[in-house]
There are 2 protein chains.
Amino acid sequence: MAENTCFYCENGEKLKSLMIEVCKLRTSTVYLFKNQSFKGRCVVAHNDHIKELFELNEEELKNYMLDVSDTAKAINDLFKADKINYAINGDKVPHLHYHIVPKHEGGYTWGMPFGIDKKVYLEDSEYQEIIELLREKLA
Amino acid sequence: MAENTCFYCENGEKLKSLMIEVCKLRTSTVYLFKNQSFKGRCVVAHNDHIKELFELNEEELKNYMLDVSDTAKAINDLFKADKINYAINGDKVPHLHYHIVPKHEGGYTWGMPFGIDKKVYLEDSEYQEIIELLREKLA
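(A) Structural view of the overall build of chain A. Helix and strand counts for chain A come out as 4 helices and 5 strands. On C-alpha atoms alone, chain A measures out to a radius of gyration of 14 Å, which is about the 14 Å that the 2.2 N^0.38 rule sets for 139 residues. Along the first, second and third principal axes, the C-alpha atoms of chain A reach 40 × 30 × 30 Å. Out of the 139 residues belonging to chain A, those deemed buried represent 53%.

In structure tokens form, the structure reads like this:
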């Protein structure tokens, strides 16, 4: 996929329909996923159009994973997760990005890979409230 | 979950029913997943009973992710994947481990999170053949 057909690189309407920018970290951008079926769910997208983890050199890998780890900790602390799930899929969106998904014991898809069928959309003010909390934690 | 009830820490029959050890890397153990619905699928399990990525310090995180990255590259090169999927779930098995899953365009669950329903078990000699290829790449 060329960079000009990648919605992360485009940073246009398609991206904005799915997620809201929270902040920039060392080497990536944190987005709040609009479908909040898991409250606090975020995406951590690398700032470059990279497909696989192993395309990063040692320093780049460390910096990206520190961003992922810090984001997971912020979500975990804010939303009292029982377990964080971390996933890179991107078969059809091959721009390196992690889904960071807080799971709760007995909750939706506990004990299984996190589901994609349930949709929970919030009011703009509710998204902003979560974004402010995340920004504070990640500052 | 206490270490003595964790099947990675136990390293007994339960673990052996699910996966076969390939090799040790810097800080983790690579296992071939017995369900080969995605040919080459492996697990990279941390050698310590750690729950979340953010429990690792910077150096530990880098070393673990280099293990994950090297394993993904080996699988990618051997099985000509169109995309690697990387997942930490472990809601009920909270011992840090990645599933490294090679996906192929048009194949099983392409464009979606990798599925868990399809089961493909191989002959022992076929597992050994894959393990030898992985060991050679990861040596």
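Continuing now.
(B) A look at the relation of the copies chain A and chain B. Rotating chain A by 180° and translating it 0.0 Å along the rotation axis places it on chain B, where the RMSD comes to 0.0 Å. What the superposition gives is, in effect, a two-fold axis relating one chain to the other. Ranked by how close their C-alpha atoms come to the rotation axis, the residues of chain A are headed by Ala87 of chain A, at 2.2 Å. Both copies present the same face, since 100% of the interface residues in chain A are matched by interface residues at the equivalent positions in chain B.

(C) Quick peek at the pairing of strand β1 (residues 19-24) of chain A. All names here are of chain A. Sheet topology note: the β1/strand β2 (residues 28-33) ladder contains 5 bridges and is antiparallel. Opposite Lys24, over in β2, you have Thr29 as the bridge partner. Here β1 hands over to β2 after 3 residues, the two strands then running antiparallel side by side.

(D) Main features of the interface of chain A and chain B. At the junction of the two partners, chain A supplies 34 residues and chain B supplies 34 residues. With both sides pooled, the region where chain A packs onto chain B buries about 3200 Å², and carbon together with sulfur makes up 61% of that total. Seen at the junction of chain A and chain B, the total is 6 salt bridges. A salt bridge links Lys62 of chain B to Glu58 of chain A; its shortest N-O distance comes to 3.0 Å. There are 21 residue pairs in polar contact (both at pLDDT 80 or more) connecting chain A and chain B. Listing elements by their share of the side of chain A that touches chain B, those giving two or more residues are α3 (58-79), β4 (83-88) and β5 (97-103) of chain A. Along the lines of polarity and charge, the residues of the side of chain A that touches chain B split into 17 nonpolar, 7 polar and 10 charged. Direction of pairing for β4 of chain A relative to strand β4 (residues 83-88) of chain B: antiparallel, over a ladder of 3 bridges. In the strand pairing of β4 of chain B, Ala87 of chain A is matched with Ala87 of chain B.

(E) Layout of the pairing of β5 of chain A. Residues and elements named next belong to chain A. Burial analysis of β5 places 7 of its 7 residues in the buried class, the great majority of the element. Of the two faces of β5, the one carrying His97, His99, Val101 and Lys103 and the one carrying Tyr98, Ile100 and Pro102 are both buried. Two elements, strand β3 (residues 42-46) and β5, share 4 bridges in a ladder whose sense is antiparallel. Bridge pairing in β5 places Val44 opposite Tyr98. Bridge count for β4 against β5 is 5 bridges, and the pairing is antiparallel.

(F) Structural view of the environment of Met65 of chain A. Assignment of secondary structure puts Met65 of chain A in helix α3. Here Met65 of chain A falls in the buried class, since its relative accessible area comes to 0%. Sequence separation between Met65 of chain A and Ala139 of chain A is 74 residues; the distance between their C-alpha atoms is 17 Å. Every residue in contact with Met65 of chain A, bar those within four places of it in the chain, is listed here: Leu53 and Tyr98 of chain A together with Leu53, Leu61, Met65 and Tyr98 of chain B.

(G) Geometry of the sheet that holds strand β3 (residues 42-46) of chain B. Spatial strand order, β1(A)-β2(A)-β3(A)-β5(A)-β4(A)-β4(B)-β5(B)-β3(B)-β2(B)-β1(B): 10 strands in an open sheet with antiparallel pairing. Two strands bound the open sheet, and with one partner strand each, they are β1 of chain A together with β1 (19-24) of chain B. Taken pair by pair, the neighbouring strands of this sheet meet at an average axis angle of 25°, ignoring direction. The sheet contact formed by strand β2 (residues 28-33) of chain B and β3 of chain B spans 5 bridges and is antiparallel. Considered in β3 of chain B, the bridge of Tyr31 of chain B is made with Val43 of chain B. Helix α4 (residues 124-138) of chain A rests against β1, β2 and β3 of chain A of the sheet, and its axis sits at about 20° to β1 of chain A.

Calculation criteria
Per chain, the residues get numbers from 1 upward, laid out in the order the sequence is written. The lettering of chains begins at A and the numbering of ligands begins at 1, in the order of writing. Confidence filtering applies because this is a predicted model: local features only for residues at pLDDT of at least 70, side-chain atom pairs given and counted only at 80 or more, and all residues used for totals across whole chains, interfaces and linings. With hydrogens and water stripped out, all remaining heavy atoms of the structure feed into the side-chain values. Helix and strand labels come from DSSP, where a helix needs a run of H or I of at least four residues and a strand needs a run of E of at least two; each type is numbered from the N terminus. Here the radius of gyration uses the C-alpha set of atoms, whereas the globule reference equals 2.2 Å times the residue count to the power 0.38. Each residue is placed in one exposure class: buried if its accessible area under a 1.4 Å probe, protein chains only, is under 20% of its type's maximum, exposed if it is over 50%, and partly exposed if it falls in between. Our superposition of the copies is a least-squares fit, built on the C-alpha atoms of residues whose pLDDT is at least 70 in both. Residue contacts are defined here by distance: any two heavy atoms, one from each residue, within 4.5 Å place the two residues in contact. Strands are treated as partners if at least two bridges between them are detected by DSSP. Throughout, the accessible surface (probe 1.4 Å) given up by two parts as they are put together, summed over both, is called the buried area. Take a side-chain nitrogen of Lys or Arg and a carboxyl oxygen of Asp or Glu: if they are within 4 Å of each other, that pair is a salt bridge. Here a polar contact is recorded for every N or O atom pair within 3.5 Å, except that within protein the pair must consist of a potential hydrogen donor and a potential acceptor, and residues adjacent in sequence are included only if both atoms are side-chain atoms. Three classes are used: nonpolar for Ala, Val, Leu, Ile, Met, Phe, Trp, Tyr, Cys and Pro, charged for Asp, Glu, Lys and Arg, and polar for all others, with Gly counted as polar. Only the stretch in contact is used when fitting a helix axis, every axis being a line fitted to C-alpha atoms; angles between N-to-C directions are given from 0 to 180 degrees.

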